[in-house]
Amino acid sequence: QVHLVESGGGLVQAGGALRLSCAASGEIFSINTRGWHRQALGNQRELVATITRDGRTNYADSVKGRFTISRNNVQDTATLQLNSLKPEDTTVYFCLANARFAVRTWWGQGTQVTVSS
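Now for a look at the structure at hand. (Residues numbered from 1 in each chain as written. Predicted model: local features only at pLDDT ≥ 70, side-chain atom pairs only at ≥ 80, totals over all residues. Heavy atoms only, no water.)

## Re the pattern of salt bridges
Working step 1: As enumerated under the stated definition, the model contains five salt bridges in all.
Working step 2: Linking arginine 38 and glutamate 46 is a salt bridge whose minimum nitrogen-to-oxygen distance equals 2.8 Å.
Working step 3: Ionic contacts of the salt-bridge type, sharing partners, join the residues Arg38, Glu46, Arg66 and Asp89 into one network. (Salt bridge = Lys/Arg side-chain N within 4 Å of Asp/Glu carboxyl O.)

## So, the pairing of strand β3 (residues 18–26)
Working step 1: Bridge analysis of strand β1 (residues 2–8) against β3 gives seven bridges, and the strand direction is antiparallel. Pairing of histidine 3 across the sheet is with serine 25, part of β3.
Working step 2: In this structure, β3 lies alongside strand β8 (residues 77–82), joined through six bridges in antiparallel fashion. Bridging from a neighbouring strand, alanine 23 pairs with threonine 77 of β8. (Pairing = 2+ DSSP bridges. Helix = DSSP H or I, 4+ residues; strand = E, 2+ residues; numbered from the N terminus.)

## Examining the packing of aromatic side chains
Working step 1: Here the structure, examined in full by the defined rule, presents zero aromatic pairs.
Working step 2: Taking NZ or CZ as reference, arginine 45 lies 3.7 Å from the ring centre of phenylalanine 94, over its face.
Working step 3: Over the ring of tryptophan 107 we find arginine 45, and its NZ or CZ is 4.5 Å from the ring centre. (Phe/Tyr/Trp six-rings, centres within 6.5 Å; stacked < 30°, edge-to-face > 60°. Lys NZ or Arg CZ within 6 Å of the ring centre and 35° of its normal.)

This is the structure:
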C-alpha cells in the first residue's frame, strides 16, 4: 500500500506561479511512474504530467512549456512547478503513483489551484 499526501496549491493571479508537492509513504519500492492529473469537466481526470523512475517526462499539450514535473526518489517526493498560470488551469489537482509490478494507481487527496484573471 502507498499513501500520498499533497501540499501546495492556493490562489494566484494569472501569470503567477505555484508549486505542488506530493510525498509518498508506505511501500514506496513498488512505485513506478508518478504524476498529476486534474479534474476536468464531467468529473473526469485529465493528465497533466508524469515522470518515470528514470526521469522521463510526459506533459499534456495544454501545459507544455509552463509546468515542470520532477521527483526525488531518495526523499520519495514529486513536485509540479506551475508557471505562467491561466484562469483555465483552475481546478483540483491530484497526484498519483503507478505500481511497478501491477496495474494499480494510488491517488493523493487533491489540492485546489485557483487562478484569478
